[in-house]
Amino acid sequence: MPDGNKDTGNPVIQLRDIHKAYGDIEVIKGVDLTAHRGDVVVLIGSSGSGKSTLLRCINLLETSQAGEITIHGEDVSWKNKAGGRVTSDPDQVRRFRTELSMVFQQFNLWAHLTILENVIEAPVTVLGKNRDEVEESGRALLSKVGIADQADKYPSQLSGGQQQRAAIARALCMEPQAMLFDEPTSALDPETEAEVVQVIQTLAAEGRTMVLVTHDMKMARDVASHVIFLHQGKIEEEGPPSEVFGNTKSERLKQFLSSTH
Amino acid sequence: MCSDPSSLEGFQWLLCYLTTAKHMQFYGSFGIVMLLLVVTVPFIMVFGFLGALARRSGFAPFRWFGLGYTSMVRGVPDIAFFLFVPIALDQFVEFSRHKIKCSDSTEPIYQGNDFVVCAAAKMPLGSAPQFFHEAWGFTLAVVAFAIVFGAFAANTIHGALMAVPKGQLETARAYGMNDRQTFWRVHMPQMWVYALPGLSNLWQILIKATPLLFLLGIEEIVYWARELGGAKTGFFTYPHPDWRMWYFMALLFFYVFLTWASQKAFIWLEIKLARGMTSRTTGVRA
Ligand SMILES: Nc1ncnc2c1ncn2[C@@H]1O[C@H](COP(=O)(O)OP(=O)(O)OP(=O)(O)O)[C@@H](O)[C@H]1O
Ligand SMILES: [Mg+2]
């Protein structure tokens with residue numbers, strides 16, 4: 001199984017009533033989200049609705065001020081700090097992050113490392129795995145995303161689509177429990193976009209757990225097991241894609257969907 | 001052959017003239033300049049990193065110290081520092097040694113305008129061989145250069161650390177790296193590309209500043225060029241008119257060559273380090 005062997009029956013990711021504010025401005029206003037093993041939760045919503053922020057709250061790149069985050073049944077531990085809270089266990093934070101690999105809109109491949117080095121960096125440095133073994137699986141993953149021949153190039157020598165596929169290989173090489181995608185295709189031109197969409201579809205079909213932010217409604221329809229429509233930091237509508245797209249209830253979502261076509 | 005220079009002519013005379021003991025010291029002083037560069041650079045880098053890291057520290061007093069250090073050196077003329085640091089350091093060391101070694105001394109250290117310590121506190125001791133006096137002077141010079149140039153290096157390194165795109169560091173965190181790993185695996189390797197132009201510039205300035213050793217009483221190349229080039233009357237073994245121009249021209253070539261060669265080296269290094277870190281990494285390096 002691609003998602004590892006940690007099957008406790010608990011959801012891989014569970015958020016309860018998450019609140020997040022920047023200063024006085026609340027941008028996430030009480031959101032629940034559950035991703036069981038094999039779920040593909042797709043977050044949609046207009047620009048500024050809080051999709052990225054929510055995703056970044058999951059792997060603790062952003063600190064939410066209230067609500068619970070549970071990874072595989074284990075609660076993120078918090079301590080109070082003037083005007084809010086911070087995580088209290090740095091080891092736990094890092095462990096959770098290794099279990100939730102992130103793919104960024106701007107790829108964020110490390111510019112000083114070759115593609116293969118990018119892929120094996122965290123498994124070797126953070127997880128302490130054997131370099132030769134990781135290199136072997138790294139190469140296999142690069143073949144899987146179709147860029148085996150680019151392994152020894154630097155990120156700047158690759159097209160956007162190739163870079164994003166490399167970034168996906170990097171995420172996979174962590175053997176994560178879940179993958180977090182933040183608009184993985186938004187920085188790409190239409191031709192290369194298709195390459196990346198295809199990789200994501202393959203991953204979804206393999207039963208990987210994913211939380212995916214996207215503006216691509218076609219991809220959302222194709223890969224989602226659950227769709228969440230965020231509006232101004234709140235869930236306006238959610239459900240299986242057939243319901244959300246085929247039998248839309250909220251006026252705002254109707255408007256949003258018609259504006260994206 | 002050189003025992004009776006007055007009988008020599010042309011090329012032979014010149015050969016003997018150029019190999020006198022004083023000329024050997026002159027050539028040796030080029031070595032002193034190179035030695036100063038080689039010895040100071042590691043200290044400059046250490047001071048530079050400590051200064052830069054202090055400025056980024058989460059601990060406020062370190063941050064103030066780092067800021068104070070870098071801005072103080074920036075705001076004060078270099079020459080003032082080169083004169084101040086060795087004297088201050090010298091007096092500090094002798095003062096401390098006086099307090100320890102001559103604790104029973106009743107003589108005040110500051111006698112009017114004079115700074116007087118007991119003989120045992122002298123640094124180096126009055127009885128020490130000449131070599132120690134020169135080595136001590138050289139050490140003070142190294143410290144002075146390291147403090148002044150370390151502050152410039154700290155500015156450069158601080159700026160370079162800030163120039164590394166946030167996304168690169170955030171990604172390191174997102175993949176579970178701790179602060180140390182993020183710093184050593186991503187921040188440092190990427191920082192060099194931004195630091196190198198500044199450091200290369202600093203190195204050129206450092207080369208050009210080496211004649212300041214003269215100010216610190218070290219007999220370096222400018223001193224010797226003046227000394228040897230000046231007109232010599234018939235009382236001297238090798239009388240000659242004012243040849244300072246030729247001597248200074250030799251210095252000129254030395255410095256031009258040194259800066260030219262190091263420029264080449266830096267360009268090579270920059271290309272090597274910049275592998276992959278060019279502007280085509282859209283977004284990532286915005
Ligand atoms: N670091 C920050 N400081 C202050 N406000 C922020 C910060 N990051 C995001 N915001 C605000 O939070 C809100 C949600 O931003 P977020 O990036 O999560 O939106 P999004 O749904 O991902 O939008 P997009 O589709 O444009 O990526 C926006 O109003 C944004 O201006
Ligand atoms: Mg976003």
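Since we're looking at a predicted model, the values are computed, not measured.

1. Quick look at the sheet that holds strand β1 (residues 13-22) of chain A
Residue and element names in this part refer to chain A.
Turning to step 1, where the next piece is worked out: Strands sit in the order β2-β1-β4-β5 across an open sheet of four strands; the sheet is antiparallel. Across the chains shown, the open sheet's two edge strands, defined by having one partner strand only, are β2 (25-35) and β5 (74-75).
Turning to step 2, where the next piece is worked out: Strand direction decides the pairing type here: β1 and strand β4 (residues 66-71), joined by five bridges, are antiparallel. When the bridges of β4 are listed, His19 appears paired with Ala66.
Turning to step 3, where the next piece is worked out: Each of β1, β2 and β4 touches helix α1 (residues 51-58); the most contacted strand, β1, lies at about 120 degrees to it.

2. So, the packing of aromatic side chains
Turning to step 1, where the next piece is worked out: The full count for this structure, using the stated rule, is 15 aromatic pairs over all chains.
Turning to step 2, where the next piece is worked out: Ring plane angle 45 degrees and centroid distance 5.8 Å describe the contact between Phe26 of chain B and Tyr27 of chain B, whose orientation is recorded as tilted.
Turning to step 3, where the next piece is worked out: Ring centres 5.3 Å apart and planes at 65 degrees place the aromatic pair Phe254 of chain B and Tyr255 of chain B in the edge-to-face group. Per residue, the accessibility class of Phe254 of chain B equals that of Tyr255 of chain B, and both read buried.
Turning to step 4, where the next piece is worked out: These aromatic residues form a ring-pair network of at least three members: Phe26, Tyr27, Phe30, Tyr247, Phe254 and Tyr255 of chain B.
Turning to step 5, where the next piece is worked out: We note Lys20 of chain A situated over the ring of Tyr22 of chain A; from NZ or CZ to the ring centre the distance is 4.8 Å.
Turning to step 6, where the next piece is worked out: Stacked on the ring of Tyr175 of chain B, the Lys or Arg Arg170 of chain A has its end atom at 5.0 Å from the ring centre.

3. A word on the site of ligand 1
All names here are of chain A.
Turning to step 1, where the next piece is worked out: Taken together, Tyr22, Val27, Ser46, Ser47, Gly48, Ser49, Gly50, Lys51, Ser52, Thr53, Glu183 and His215 form the complete shell of residues around ligand 1.
Turning to step 2, where the next piece is worked out: A distance of 3.3 Å is found between an oxygen atom of ligand 1 and a backbone nitrogen or oxygen belonging to Ser49.
Turning to step 3, where the next piece is worked out: One of the side-chain N or O atoms of Ser52 is found 2.7 Å from an oxygen atom in ligand 1.
Turning to step 4, where the next piece is worked out: Coverage of ligand 1 by the protein chains reaches 57% of its 640 Å² of free accessible surface.
Turning to step 5, where the next piece is worked out: By residue number, the principal contributor to the shell around ligand 1 is α1, which donates three residues.
Turning to step 6, where the next piece is worked out: Across the shell around ligand 1, the residue classes break down as two nonpolar, eight polar and two charged.

4. Some remarks on the confidence of the model for chain B
Residue and element names in this part refer to chain B.
Turning to step 1, where the next piece is worked out: The pLDDT averaged across chain B works out to 83; a share of 95% of its residues lies at or above 70.
Turning to step 2, where the next piece is worked out: Mean pLDDT per element in chain B: strand β1 (residues 110-111) is the minimum at 75, and helix α6 (residues 166-174) is the maximum at 96.
Turning to step 3, where the next piece is worked out: Every residue in residues 279-286 scores below 50 in pLDDT, and together they form 22 contacts with partners more than four places removed in sequence or on other chains.
Turning to step 4, where the next piece is worked out: As scored by the predictor, the complex reaches a pTM of 0.83 and an ipTM of 0.92.

5. What to know about the state of the cysteines
Residue and element names in this part refer to chain B.
Turning to step 1, where the next piece is worked out: Scanning the model with the defined rule gives one disulfide over all chains in all.
Turning to step 2, where the next piece is worked out: Residue pairing for Cys102: its cysteine sulfur links by disulfide to Cys118, the two sulfurs lying 1.7 Å apart. Sign of the S-S torsion, about 65 degrees for the bond between Cys102 and Cys118, identifies this disulfide as right-handed. Taken as a pair, Cys102 in the loop between α4 (78-101) and β1 and Cys118 in the loop between β2 (114-115) and α5 (130-163) lie far apart in primary sequence, 16 residues in all. Note on accessibility: Cys102 and Cys118 belong to one class, buried.

6. Observations regarding the sheet that holds strand β9 (residues 178-182) of chain A
Residues and elements named next belong to chain A.
Turning to step 1, where the next piece is worked out: Sheet architecture is open: six strands sit in the order β8-β9-β10-β3-β11-β12, paired in mixed fashion. Pairing within the sheet leaves two strands with one partner each, and these edge strands are β8 (100-103) and β12 (234-239). Across the sheet, the axes of successive neighbouring strands diverge by a mean angle of 20 degrees, strand direction being ignored.
Turning to step 2, where the next piece is worked out: Bridge count between strand β11 (residues 226-231) and β12: five bridges; the pairing is antiparallel. Opposite His231, over in β12, you have Lys234 as the bridge partner.
Turning to step 3, where the next piece is worked out: Against the sheet, helix α9 (residues 251-260) touches β3 (40-44), β11 and β12, its axis set at about 100 degrees to β11.

7. Regarding the side chain of His158 of chain B
All names here are of chain B.
Turning to step 1, where the next piece is worked out: Within the fold, His158 resides in helix α5.
Turning to step 2, where the next piece is worked out: Of the polar contacts made by the side chain of His158, one reaches the side chain of Arg55; its length is 3.3 Å.
Turning to step 3, where the next piece is worked out: Once residues lying within four places of it in the same chain are set aside, the contact partners of His158 are Ala52, Arg55 and Arg56.

8. Observations regarding the nonpolar core
Turning to step 1, where the next piece is worked out: Grouped together as the largest cluster of nonpolar side chains are 142 residues, with contacts concentrated most on Ile13 and Ile168 of chain A.
Turning to step 2, where the next piece is worked out: Core analysis: the second largest hydrophobic core is formed by six residues, Cys102, Phe115, Cys118 and Ala121 of chain B among them.

Conventions and cut-offs
Residues numbered from 1 in each chain as written. Chains lettered and ligands numbered in written order. Predicted model: local features only at pLDDT ≥ 70, side-chain atom pairs only at ≥ 80, totals over all residues. Heavy atoms only, no water. Pairing = 2+ DSSP bridges. Helix = DSSP H or I, 4+ residues; strand = E, 2+ residues; numbered from the N terminus. Contact = heavy atoms within 4.5 Å. Axes fitted to C-alpha atoms, helices over the stretch in contact; angles between N-to-C directions. Phe/Tyr/Trp six-rings, centres within 6.5 Å; stacked < 30°, edge-to-face > 60°. Buried < 20%, exposed > 50% of the residue type's maximum accessible area, 1.4 Å probe, protein only. Lys NZ or Arg CZ within 6 Å of the ring centre and 35° of its normal. Near = heavy atom within 4 Å. Polar contact = N/O pair within 3.5 Å; in protein donor to acceptor, adjacent residues only side chain to side chain. Areas by Shrake-Rupley, 256 points an atom, 1.4 Å probe, with all protein chains shown as cover. Nonpolar A, V, L, I, M, F, W, Y, C, P; charged D, E, K, R; others polar. pLDDT = per-residue confidence, 0-100. Disulfide = S-S within 2.5 Å. Core = buried A, V, L, I, M, F, W, Y, C linked by side-chain atoms within 4.5 Å.

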